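Observations on chain architecture
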Amino acid sequence: MKLILDRTKLNSELIQRIKEISLQKIMACYQCGKCTAGCPVADAMDIVPNEMMRLVMLGEIDKLLSSKAIWLCTSCFQCGTRCPKGIEVHRVFEALRSLALRDGKNFTNIEKLLDEKLEEIPQQGIIAGFRKFESLE
Amino acid sequence: MKKIGLFICHCGSNIAGTVDIAKVKGYFNEYDDIEISDDYKYMCSEPGQKKLRDAIKERELDGVVVACCSPRMHEITFRNAAVSAGLNPYKVEIANIREQCSWVHQKEKDKATEKAIAIIKTMIEKVKRDEPLQPLEFNITKRALIIGGGIAGITAAIDIANAGYEVVLVEKRHSIGGKMLELSETFPTLDCAQCTLTPKTVEAGRHPKIKLFVYSEIEEVKGYIGNFDVKIRRKASYVDWTKCTGCGLCQEKCPTKTESEFDHGLGERKAIYTLSPQAVPNKPIIDKNSCRFFREGKCRVCEKVCPVQAINYEMKDEIIEEKVGAIIVATGYDILETEKIPEYGYGMYKDVIDGLQFERLNSASGPTGGEIRRPSDGKVPKEVVFIKCVGSRDPEKGIPYCSRICCMYLGKHARLYKHKVPDGQAYLFYMDIRSFGKGYEEFIQQSMEEANLLYIRGRVARIMQEGDKLVVWGVDTLSGRKIEIKADMVVLGTAVIPSSGAKELAKILRTSTDEYGFFSEAHIKLKPVESMTGGIYLAGCAQAPKDIPDTVAQAGAAAAKVLSLFGQEKMVQEPLIACVDADLCSGCGICVTACPFDARMLDDEAKISIVNEALCQGCGACVSACPNKACQLRNASPQTYMAMVDRYL
Amino acid sequence: MEIYPYFPGCALSTKAKALDICARESMKALGIELKELEDWTCCGAVFPLAEDEHIRLVSPARSFYKASKYSDRLITLCSACFNVLRRSLKVLNENTVRRERVINYMEEEAKEPFPEQLKVNHLIELIRDVIGFESLSNKITKPLQGLKIAPFYDCLTYRPPKEMEFEDPENPKIFSNFITALGGIAIDFPFRSECCGAHLSVSNPNVSLECSYRIIKSAQLAGAEALLTSCPLCHYNLDFRQKEMAEKNIDFKPIPVFYLTQLLGIALGLPKDVLGFEKNYVSPLSLLEGKGLI
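Since this is a predicted model, take the numbers as computed values, not measurements. (Residues numbered from 1 in each chain as written. Chains lettered and ligands numbered in written order. Predicted model: local features only at pLDDT ≥ 70, side-chain atom pairs only at ≥ 80, totals over all residues. Heavy atoms only, no water.)

**Points about the interface of chain A and chain B**
Definition in use: Contacts: residue pairs with any heavy atoms within 4.5 Å of one another. We define buried area as the total accessible area lost by two parts upon association, computed with a 1.4 Å probe and summed across both. For this document, the term salt bridge refers to a Lys or Arg side-chain nitrogen within 4 Å of an Asp or Glu carboxyl oxygen. What qualifies as a polar contact is a pair of N or O atoms within 3.5 Å, subject to a donor-acceptor requirement within protein and to the restriction that residues adjacent in sequence count only when both atoms come from side chains. Each helix is a run of DSSP H or I of at least 4 residues and each strand a run of E of at least 2, with the numbering of both proceeding from the N terminus.
Residue-level contacts link 20 residues of chain A with 19 residues of chain B. Of the roughly 1500 Å² buried where chain A meets chain B, counting both sides, 55% is carbon and sulfur surface. With a closest N to O distance of 3.2 Å, Lys34(A) and Glu343(B) form a salt bridge. Where chain A packs against chain B, one counts 8 residue pairs in polar contact (both at pLDDT 80 or more). Secondary structure elements with two or more residues in the side of chain A that touches chain B: α3 (34-38) and α4 (49-58) of chain A.

**Concerning the state of the cysteines**
Residue and element names in this part refer to chain B. In plain terms, the rule: Note on terminology: pairs of cysteine sulfur atoms within 2.5 Å are recorded as disulfides. To sort residues, take the accessible area from a 1.4 Å probe on protein chains only and compare it with the maximum for the residue type: under 20% means buried, over 50% means exposed, and anything in between is partly exposed.
Scanning all chains against the criterion turns up 0 disulfides over all chains. There is no disulfide at Cys250, and the cysteine sulfur nearest it, in Cys247, is 6.2 Å away. In this structure Cys250 comes out as buried when scored by relative accessible area, which is 11%.

**Notes on the pattern of salt bridges**
Within the structure shown, the criterion is met by 71 salt bridges over all chains. The partner of Lys486(B) in a salt bridge is Glu484(B), and the shortest N-O contact between them spans 3.4 Å. A residue is classified by how much of its surface remains accessible, and Lys486(B), at 41% relative accessible area, is partly exposed. The exposure class of Glu484(B) is partly exposed, given its relative accessible area of 48%. When the shortest N-O distance is used, the salt bridge between Glu36(C) and Arg24(C) registers 2.7 Å. Note that Glu36(C) is positioned in strand β2 (residues 32-36) and Arg24(C) in helix α2 (residues 17-29), a separation of 12 residues in sequence. The class of Glu36(C) is partly exposed, set by a relative accessible area of 32%.

**Digging into the nonpolar core**
Rule in force here: For our purposes a nonpolar core is just a set of buried Ala, Val, Leu, Ile, Met, Phe, Trp, Tyr and Cys residues, chained together by side-chain atoms within 4.5 Å.
Core analysis: the largest hydrophobic core is formed by 81 residues, its most contacted members being Met27(C) and Leu136(C). With residues up to four places along the chain from it excluded, the contact list for Leu136(C) reads Leu30(C), Ile127(C), Ile131(C), Phe178(C), Ala181(C), Leu182(C) and Leu264(C). Within the second largest apolar cluster, 49 residues are counted, among which are Ile140(B), Ile210(B), Ala330(B) and Ala539(B).

Here it is as structure tokens:
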């Protein structure tokens, strides 16, 4: 599918928001792919980390917000630790999740969880699993 | 009354667009000391210079002020013009009414014109007081010192020696040849490295004008361009090389084996050893750290078997003094300590090796006789992964620059591997392919097409050992998939860094390096072989990573610069340097410590401070330091400047 | 008895209470009292990675003010709390603009100056720096008899390295040194710092099961008799979920996963009832009895 680029698309509001929330130099990414290579769940993702960085650069945010990949991320920070350009890739992923959540898109349905699971899993897992928070606005 | 000529340049519209030239010219027509006030569109052009010369001759001017651009542009032009008309060049001064006037006050034309007049007035005051100085001349010692006996140093040495001048070639290891001696084959032709190198090393070894100091290092350098005093430390080899015939018996009989640095840890050597089978000179040294005699006082087998009694355990380091006129730095490169990137397992897993180690494996004189075998168990690897950009282009863990040679040498390695193991598979992980030289791109494409090398675009995140295999976790960004390969061997293309000891050497030479330790060139585009220090030139990887053709070319260029220096009768130096008023000097010595160029010293007999005119760069530090105002810069005394300031105000 | 303010965290106070008790008893035996912070609140469980989330820093900030009244070190044991607290402290120290916003949410504490000299320490750092591993070796009564333990270096203790400033995540040593000090043999294994799948066990359990399974297999291949961890969520994934691993793989062999302080307690000869073994799905009892350790 063809991508039509112009300066408005490359400086869209969504891209600006992502840059503000993550505080990362998106343009520094030279697509080496080391983040993807070390990501523990990349083989299950529909869009892998380096592709995600590329799509942010190109302004294809909506595609990312509707991907499964951003919810498969375990926040292990391996990507940001290994990036040779010092980009904290995990923060860019978090920015994408924030945009979705703040829009009211709730990913984990608590009713679907089995009670016995809730009994056993440490609290930290449950909270992280939801990633829910009240928007300040 | 002086007879000074004033020449105002329009500089097209650069000056004339803001400053009212006619008004300025008119102002100085009736000015004291001004003999002629003239103007022209482009003073630096041939007709402009002719005006200057004609006026000097016809009006018998004894001083000139050119009101134009910055002196950095054309001071030399106008001074040379004056010389050809018979006027001393140090009676020519520039009044900068462009960078310091017209360019910065473009919106205030009247004020700019007033300022231009004021600037010219001050420079007239200076010219009135300028002495007609003579340039200083010094003898040149027409001998060259070359630090580093790799391909760069050897090339430059042969060029200079063939021109008839003596060369002192100093090399850290006990044989010349540098890194090229360790290589097996070179890209893109896959020529045998030793076959191309040894004719040069042999020539350098036997050339009557090349004085070879191997197993030596530079201890001290004093002096200046054309006149360096160098101290060389020849390290104790414990073998008398004047007697040694290179028969090799000592090496054969020595009972101690240790890890070979030449084979980068993959092979062994004896405690007494020659560097390689093609060593020039072909003489051994004893390594104190592994020799049984030095460690425990036992053995002495080499001494017993040597047919000419050349072993001497009592030998000491020697300091040799040499006088030279020019120095070429050709200290070469090292590779980054790969332990800095622990995720690749270098140092932990035996089958993860670097590029230089692979060269030794492939080399007929190497630890496996040229067979590609795994260091861990000696088996032939069938799946080999080559990784580019290890530490390069990596601001976080390595160095941010590109090491330039890895794309080609790893492509070469993969190709050579396939020659030797035709049923093996080679994978190359890359970010980009930089094949910029003659024949390089064709070589890479041929490798892909004919040798079935798989180029995978992506970096490797981690290498883990599982059983006897190395699991490589990489990525193919072009298809968006994670890649896992269970490899038998991994070759890392590690970053190129300056040779160890480069920064210390730079301090000894009093020249500068960049933040990585590469020697700084005087201008990155126009002066790639001259260092920041006069008389010191650069060649090869000491200046920046590069391949062999570029190294040889740069070495030739450095040699040419040396020859152009030696081609002069005498060396000419600007006389605008410090001088001492002997009546005012109290001999306190503060200027001696203030001088950054070691150009000041105390004369013990006269009990005053004196200036080494060849070293002084006219920086003025001693002038400000002197408590008695005894020290001054020629043609720039406080009285002159006070008069200039008075006139301006 | 040295006293240090201690932040147990939610998991250790409820589902893993026995481990909290084990921690306190072990440290008491070493001459240190871990005094639980009064009235502490949940650290937040995940450090806010978004630059504009300030409210999540309030609970950590409260803990810092409280802790600084007693000591310059705030000790925690749970990796998640360690990650949140350590990074929160760094942000609050360095970013005065954010600090201001956070303090605006707090009433009483806002009157005090921010405790800039406070440090957040993992219990293992306290052991290393205040007691010392060598001295620890001398204090234990039941050395581990060469028990082969594979330390699992969890994500949250180590990463991101520039913020955690703990050890190089590619070259971790502290848990190995700890195991050696206790008389065990530390087994290095390739998947030592690969994520266990974390909270995906809630939303995407198959993916995290695969992640955890790889870790278990890698440790077993390297010859480990047990694993060591310091994170309650990793413990759940690596230990409790072995039930599912066994269901999916016929030749799966279970392997016990110790919590950091359990090992310490064993080596210090603490009674079995404080060691919290009922919390381990894969019981370590037979392994320990076999080595004569309990």
